[in-house]
Amino acid sequence: MLCQFSFKNFKSYKEATTFDFQATSVPEFSDALLTSEKGNALLPVGAVYGPNGGGKTNLLLALSCLISTVVKPAYELEKAREKVIIQQKVSASPFLFDEISKELPTEFEIYFRQGKSEYRYNLSICADEVIEESLYWKAIGGKRPGMVFDREGSEITLGASINKASINRSVNPKMPYLSFLAINYDIPVIVEVQKWFESCIVRNYANPIADRQIMLSNDETFRKRIIQALNDVDIDMTGYRYDDEKQELYTQRRIAGKVYELKFSDESDGTKKMIAALPVILLALQEGRLVIIDELDAKLHPKLLRYVISLFKNTNVNKKGAQLLFTSHDMTTMKNSVFRRDEIWFAAENADHESEIYSLYEIRRENNERVNSTAAYDKQYLEGRYGADPYLTNMLAGGEWQ
């Protein structure tokens, strides 16, 4: 489970930026939190709002960049231990709107939970070469972290848990040492960390290609689960069939006792989106994976979006700690009946064209009090009270067109 992600000097983000999945002390939806016997509670969902060009996508790309950088070497050599579902490799591109940043490294730090341990992984990249890298661990709820390895340039120091003469400390400067160890050795702590990265799912549903990438399963239980979920959102379907010869997916409906088939390509955009997204989402819930989706609401009815969110917030469904991080423009879901205040985030550019993020929980009113949990979040956002420059405020502030 993701606890916290920080990065610096990536695309529109110049300064150190932190996205946090650690739950704050707010009381709403406390029964939906991902709890641990010793560790602090984590959030099952994070939604990022803001204008086009504000940095929503780049926030997700930063996380995707770190994940794909670690996973790609093992995947290409067919050494991955999990079913990898990552749409594309993302390069570490620095902030370009000043003369200094573009020469500096892009820095990442991720803090996550896997098994009975918490891990903190750092990676610093400049011109595709690894400048610094480190991995530390501790027991969940523990206070003293232990070093697994530390890398500065070509110098690598091994911690006590993996310090063996047989382990090679010479690695290609373009490859993370974590990936190198995962490919070449069967070290339990490395395997556990690498499997977490490989389990992360990255999708962009603003890209039409994603709607055509459908993960089918021959497992009858999984098929029934997909059909049940489609029926839950009033997409009346009794089954589906893939024709290998025609390389075409057909959806099935039973009408008056007879089964009728429709080409997947002839379905509505919303239905195609749900058929493409549901298998990935159900896999994440079944295995406790992190799902990162850019523009989840693209071509999706608000009712369907609420349904997807509710799956992650229902502990009877989400039994293994799956998490959903997504960007959205849909104001109809920005409500206190859907989200906690710390689950809503905003991304916007400042006057220097640098992106910044902050959660609704962090916002203070003029009297220094936090936004109330009973507030109309969508209405106040459109009124410009949260500072993320929503479209409506910009248009209204401009007065009549000239």
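We now turn to the structure provided with this report. Predicted model only: the values in this text are computed from it and were never measured.

### Quick notes on the overall build of the protein
Across its full length, the protein carries nine helices and 17 strands. Taken against the 2.2 N^0.38 rule, which gives 21 Å for 402 residues, the C-alpha radius of gyration of the protein at 22 Å falls within 12% of a compact globule. Counting only C-alpha atoms and orienting by the principal axes, one finds that the protein spans roughly 70 × 60 × 45 Å. Looking at the protein as a whole, 51% of its 402 residues are labelled buried. Of the contacts formed within the protein by residues at least 6 apart in sequence, a portion of 61% connects residues at least 24 apart.

### Quick notes on the packing of helix H1 (residues 56-76) against helix H3 (residues 188-199)
Two numbers describe how H1 lies on H3: the axes approach to 9 Å, and their chain directions differ by 110 degrees. Here H1 lies roughly perpendicular to H3, going by the angle between them. The element H1 and its partner H3 pack so that their crossing is left-handed. Together, Leu66, Ile67, Val70, Val71 and Ala74 of H1 and Gln194, Phe197 and Glu198 of H3 make up the contact between the two elements. Residue classes in the contact of H1 with H3 are distributed as six nonpolar, one polar and one charged.

### A short note on a negative patch on the surface
A surface patch of like charges, here negative, comprises Glu107, Glu132, Glu152 and Glu155. Tracing the backbone through its elements, the reader meets Glu107 in strand E5 (residues 106-114). We classify Glu107 as partly exposed; its relative accessible area is 37%.

### Some thoughts on the sheet that holds strand E4 (residues 85-86)
Spatially, E4-E10-E14-E15-E3-E16-E17 is the arrangement adopted by the seven strands of the open sheet, whose pairing is mixed. Every other strand in the sheet has two partners, leaving E4 and strand E17 (355-359) as the edge strands with one partner each. As judged from the five bridges shared by strand E16 (residues 344-349) and E17, these two strands associate in the antiparallel manner. The residue of E17 that forms the bridge with Trp345 is Ser359.

### What to know about the pairing of strand E6 (residues 117-126)
The buried fraction of E6 amounts to seven of the ten residues, a majority that puts the element mostly inside the structure. Summarising the sheet, E5 and E6 pair through nine bridges and their orientation is antiparallel. Pairing of Glu109 across the sheet is with Asn122, part of E6. Linking E5 to E6, which pair antiparallel, is a turn of two residues; within it Gly115 sits at a positive phi near 65 degrees. Count of turn residues in the E6/strand E7 (residues 129-139) antiparallel hairpin: two residues, of which Ala127 carries a positive phi of about 55 degrees.

### A word on helix H5 (residues 220-232)
The end-to-end C-alpha distance of H5, which contains 13 residues, comes to 18 Å, matching closely the 18 Å that a straight helix rising 1.5 Å per residue would cover. When H5 is considered as a whole, its buried residues turn out to be Phe222, Ile226, Ile227, Ala229 and Leu230. Each buried residue of H5 lies within a common arc of 160 degrees when the element is viewed along its axis, so the set occupies one face. Contacts from the buried residues of H5 go to strand E11 (239-243), helix H6 (269-287) and helix H7 (302-313). Of the residues one or two after H5, Asp234 is the one with positive phi, at around 65 degrees.

### Some details on the nonpolar core
Counting 57 residues, the largest nonpolar core has Ile110, Tyr121, Phe149, Ile190 and Phe197 as the members making the most contacts within it. The contacts of Tyr121, once residues within four sequence positions are left out, are Leu66, Val70, Phe108, Glu109, Ile110, Glu133, Ser134, Leu135, Phe149, Pro176, Leu178 and Phe197. Judged by nonpolar contacts, the second largest core, of 54 residues, contains Ile344, Leu360, Ala375 and Tyr386.

### Regarding the pattern of salt bridges
Per the counting criterion, the structure on display carries 23 salt bridges. A salt bridge links Glu220 to Arg223, with the nearest nitrogen and oxygen atoms 3.7 Å apart. In this pair, Glu220 and Arg223 are both assigned in helix H5, three residues apart and thus about one turn of the helix distant. Residue Glu220 is classed as partly exposed on the basis of its relative accessible area, which comes to 46%. Relative accessible area serves as the criterion here: at 22%, Arg223 is assigned to the partly exposed category. Glu261 is the salt-bridge partner of Arg241, the closest N and O atoms lying 2.8 Å from each other. Here Arg241, found in strand E11, pairs with Glu261, found in strand E13 (residues 258-263); they are 20 residues apart in sequence, far enough to count as distant. Here Arg241 falls in the partly exposed class, since its relative accessible area comes to 32%. According to the relative accessible area criterion, Glu261 is partly exposed, its value standing at 37%. What you see here is one network of salt bridges that share partners, running through Glu82, Lys195, Glu287 and Arg289.

### Concerning the sheet that holds E13
Spatially, three strands are ordered E11-E12-E13 in an open sheet, and the strand pairing comes out antiparallel. Where the open sheet ends on each side, the last strands, each with one partner, are E11 and E13. Ignoring strand direction, the axes of neighbouring strands in this sheet form an average angle of 30 degrees. As judged from the six bridges shared by strand E12 (residues 248-255) and E13, these two strands associate in the antiparallel manner.

Conventions used here
Residues numbered from 1 in each chain as written. Predicted model: local features only at pLDDT ≥ 70, side-chain atom pairs only at ≥ 80, totals over all residues. Heavy atoms only, no water. Helix = DSSP H or I, 4+ residues; strand = E, 2+ residues; numbered from the N terminus. Rg over C-alpha atoms; globule rule 2.2 N^0.38 Å. Buried < 20%, exposed > 50% of the residue type's maximum accessible area, 1.4 Å probe, protein only. Contact = heavy atoms within 4.5 Å. Axes fitted to C-alpha atoms, helices over the stretch in contact; angles between N-to-C directions. Parallel < 35°, antiparallel > 145°, perpendicular 65-115°, else oblique. Left-handed = near helix turned anticlockwise from the far one by under 90°. Nonpolar A, V, L, I, M, F, W, Y, C, P; charged D, E, K, R; others polar. Patch = residues over 30% accessible without salt bridge, like charges linked within 9 Å, V, L, I, M, F, W, Y side chains within 5 Å. Areas by Shrake-Rupley, 256 points an atom, 1.4 Å probe, with all protein chains shown as cover. Salt bridge = Lys/Arg side-chain N within 4 Å of Asp/Glu carboxyl O. Lys, Arg positive; Asp, Glu negative; His and termini not counted. Charge placed at Lys NZ, Arg CZ, Asp CG, Glu CD. Pairing = 2+ DSSP bridges. Expected span 1.5 Å × (residues − 1). Arc of directions from axis to C-beta. Core = buried A, V, L, I, M, F, W, Y, C linked by side-chain atoms within 4.5 Å.

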